[in-house]
Amino acid sequence: MLLAATVTVCTSCCLFGLPWIASCKPCPTDTEEACPSIGRSGNFKKFQCGMNEYNDLASLFFNTNDDTIRNLYSAGTDDEFHMSSILVFFAASYFLSIFSYGLALPSGLFVPVILTGAAYGRLVAMLIGSQSTLDHGLFAVLGSAALLGGSMRMTVSVCVVILELTNNLLMLPLVMLVLLISKVVADAFNTNVYDLLVRLKGFPHLEGYAEPYMRQLSVSDVVTGPLQTFSGIEKVGHIVHVLKTTGHNGFPVVDEPPFSDSPTLYGLILRDHLLVLLRKKDFIRSCTSSTLNASKHFTHDEFAKRGSGKQDRIEDIELSSEELEMFVDLHPFTNKSPYTVLETMSLAKALILFREVGLRHLLVLPKSSKVSHVCASVTLLLLLLLFMLSISGF
C-alpha cells in the first residue's frame, strides 16, 4: 500500500504540477479542431488559460498515451508545442518510465518508450530549427524508432508497428536506417533493457549464442563439483541430508553392486519428485529392490509441476528417527533417458544443445567405457563470459 501510494502521489504531482510552468499559447486559426478542447481528448487543453488559449504541456500530459503519440506524430503541427514544453515532457516521461518500470507493478515499457522517443524526436527537430525543412512529426516518428531500437533492440517488429501507426510506406527506408544505427550503437555499450533487468534481478541467464572461445574448450574443462548422486536404493536419511544441504534441482541415480556389475548411470531424479516420495513415506526397511507398484500408490497430479510459490520444502516434511534409517526405491521414479554428453564434447556444441532443446539438466559422462563415476548433472549458466556447466539446478 505504501509503495502504491508513493507512486500515485509522485505521478500526480508531475502530471498536475508541471503544466503550471508552461505559458498559454493562442489557439491557431488554421485548425479545424475545437480550441480549446474541454472535457474530451484533443490537441488543445485549456487548463488554467483563458478563452481562445491553450496550454501545450497540459495537452501532452492530460491526454491518453495514444492521443499524445498521435498529436506528436501529426504533420503540420510544428508551432503547436513550445521547446520548453517538449523538453519538460521528455524529461518527465523518461524518468517516470524508469521509476515505474523498476517497481513491482504491472506496468509496461513499450508505449512509454514510444512516447518518450516521440518527444525526443520533436526536441531534436526544434534544435535543428531552420536548418531542416522536414516536418516535426517525422522527427517524432524517427525518435520513437531510435529509442525502441536502442533500448529493446527491436528491428523488424518496430518497422511493422511504425508503419501501422503512420500508414505511410515511404517512411520504411528512413525507419530501417534509424533502427540499424541505433541498434549498432547500443550493442557497442550493453545488451537490451530486458536482459539488463534479468541480470539486475540475479536470475540465471543464458545467451542465445556460443562465444568464440567456447569452441576451444570441452565440457570437462568447465564441469564443477562436488558431485551429489543417489543410489537406486537410497537411505532416507541421506536423501534428507542432501536436500537440506544443497539447492540442486536434479540428481543422477547410479546403480552400484550388487544391483549392477559396475557403477552404472540409471537416470536422473528431480528434487520435487524426491519430496513427493518423502511426503508419502512409502519406505522399505532393507536395501533390497521394492515390488512397489508406483501407479497404485501415486497419481500423476502429485508429480505435476507446481505453480510459483507452491513448491514443497524439505523443512516442512517431518520424519522420525526410525524412518530416517529406512530406504526408498528410486528406480520407478527416475527418468531413465536423460540427455547425456561425453566429457570430450565441445563446449559450444553443449551450449547449442542445451539452449535449442530447452534443457534444464545435462549429464556429462566420462569417455572411458568402464564407468567409474558420473561427472555431474549440470545446468548451463553464463557468468562474466565464463560459461560453466554447474551441478546447481535452477
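Thresholds, definitions, all that
Residue numbers run consecutively from 1 along every chain, following the written order of its sequence. Reporting of local features is limited, given that this is a predicted model, to residues whose pLDDT is at least 70; pairs of side-chain atoms are given and counted only at 80 or more, and all residues count toward the totals for whole chains, interfaces and linings. Hydrogens are left out, water is left out, and the side-chain values use all remaining heavy atoms of the structure. Each helix is a run of H or I in the DSSP string that is no shorter than four residues. Each strand is a run of E no shorter than two, and both are numbered from the N terminus. Note on exposure labels: buried denotes an accessible area under 20% of the residue type's maximum, exposed denotes more than 50%, and partly exposed covers the range between, all computed with a 1.4 Å probe on protein chains only. Residue contacts follow a heavy-atom distance rule, with two residues in contact if any of their heavy atoms lie within 4.5 Å. In this description, accessible areas are obtained by the Shrake-Rupley approach with a 1.4 Å probe, and a residue is regarded as covered only by the protein chains that are shown. Only residues whose relative accessible area exceeds 30% and that form no salt bridge enter a patch; like-charged residues are grouped when within 9 Å of one another, and nonpolar side chains (Val, Leu, Ile, Met, Phe, Trp, Tyr) when within 5 Å. Salt bridge, as used here: a side-chain nitrogen of Lys or Arg that lies within 4 Å of a carboxyl oxygen of Asp or Glu. Any two cysteine sulfur atoms within 2.5 Å of one another count as a disulfide. The arc in question is formed by the directions pointing from the helix axis toward the C-beta atoms. Here pLDDT means the predictor's own confidence in every residue, given as a number from 0 to 100. In this text, buried Ala, Val, Leu, Ile, Met, Phe, Trp, Tyr and Cys residues form a nonpolar core when linked through side-chain atoms within 4.5 Å. By this definition, two strands are paired if DSSP reports at least two bridges between them. Every axis in this analysis is a line fitted to C-alpha atoms, fitted for helices over the stretch in contact. Angles between the N-to-C directions lie between 0 and 180 degrees. Here a polar contact is taken to be a pair of N or O atoms separated by no more than 3.5 Å, where protein atoms must pair a possible hydrogen donor with a possible acceptor and residues adjacent in sequence count only if both atoms sit in side chains.

Quick look at the overall build of the chain
Scanning the chain from terminus to terminus reveals 14 helices and 11 strands. Taken across its 394 residues, the chain has 40% of its residues classed as buried. When contacts within the chain are restricted to residue pairs at least 6 apart in sequence, those whose partners lie at least 24 apart make up 64%. Counting only carbon and sulfur atoms, one obtains 60% of the accessible surface of the chain, whose full area is about 21600 Å².

So, a nonpolar patch on the surface
Taken together, the side chains of L177, L180, I181, V184, V185 and F189 define a hydrophobic patch exposed on the protein surface, amounting to about 630 Å² of accessible area. By the element assignment, I181 lies in helix α8 (residues 172-187).

Focus on the state of the cysteines
For the coordinates displayed, the defined rule picks out 1 disulfide. Between the sulfur of C24 and that of C49 lies a disulfide, 2.0 Å long from S to S. Negative torsions about the S-S bond denote left-handed disulfides, and the value of about -95° found for C24 with C49 makes this one left-handed. Of this pair, C24 sits in the loop between α1 (2-17) and β1 (25-26) while C49 sits in the loop between β1 and β2 (53-54); the two residues are 25 residues apart in sequence, bridging distant segments of the chain. The exposure class of C24 is partly exposed, given its relative accessible area of 29%.

A short note on helix α10 (residues 236-245)
Three or more residues of α10 are buried, namely V236, I239, V240, V242 and L243. Along α10, the residues classed as buried sweep out an arc of 165° about the axis, all on the same side. Structurally, α10 contributes buried residues whose contacts are with β3 (230-231), β4 (233-235), β5 (250-255), α11 (271-280), α13 (321-324) and β7 (327-329).

Let's talk about the confidence of the model for the chain
Low pLDDT marks stretches whose predicted atomic positions should not be read closely. Across the chain, the average pLDDT comes to 80, with 89% of residues at 70 or higher. A low-confidence stretch, residues 369-394 (pLDDT under 50), is modelled with 96 contacts involving residues beyond four sequence positions or located in other chains.

Overview of the pattern of salt bridges
As enumerated under the stated definition, the model contains 8 salt bridges in all. K281 is the salt-bridge partner of E323, the closest N and O atoms lying 3.8 Å from each other. With E323 in helix α13 and K281 in the loop between α11 and α12 (294-297), the pair connects residues that are 42 residues apart, well separated along the chain. Accessibility expressed as a relative area gives 19% for E323, which makes it buried. The exposure class of K281 is partly exposed, given its relative accessible area of 35%. We note a salt bridge from R285 to E322, for which the minimum N-O separation is 3.2 Å. Linking R285 in the loop between α11 and α12 with E322 in helix α13, this pair joins segments that are 37 residues apart in sequence. Classification of E322 by relative accessible area gives partly exposed; the value is 48%. Three or more residues joined by partner-sharing salt bridges are found here, namely R153, K183 and D187.

Thoughts on unusual backbone geometry
Working note: non-glycine residues mostly have negative phi, and peptide bonds are mostly trans. Even without being a glycine, F47 presents a positive backbone phi close to 55°. Mapped onto the fold, F47 is located in the loop between β1 and β2. In the Ramachandran plot, R153 falls in the positive-phi region, its phi being about 60° despite a non-glycine side chain. Inspection of the secondary structure assignment puts R153 in the loop between α6 (136-152) and α7 (156-166).

Considerations on the nonpolar core
If you look at the biggest cluster of nonpolar residues, it comprises 34 residues, and the most contacted ones within it are L72, Y73, I86, F89 and V175. Looking at this core, the elements that each hand over two or more residues are α2 (56-61), α3 (65-73), α4 (83-101), α5 (110-128), α6, α7 and α8. I269, L275, L278 and F283 belong to the second largest nonpolar core, which has 22 residues in total.

Concerning the side chain of H273
Following the sequence through the fold, H273 ends up in helix α11. Beyond its immediate stretch of four places on either side in the chain, H273 contacts F303 and F333.

Notes on the sheet that holds strand β6 (residues 264-270)
Taking strand neighbours across the sheet as the criterion, the 3 strands line up as β3-β5-β6 in an open arrangement whose pairing is mixed. Edge positions in the open sheet fall to β3 and β6, since each of these has one partner strand only. Two elements, β3 and β5, share 2 bridges in a ladder whose sense is parallel. Looking at the pairing, F230 lines up with V253 of β5. α11 contacts β3, β5 and β6 of the sheet and is inclined by roughly 80° relative to β6.

Some points on the side chain of S182
With respect to the helices and strands, S182 occurs in helix α8. Within polar-contact distance, the side chain of S182 engages the backbone oxygen of L179 at 3.0 Å.

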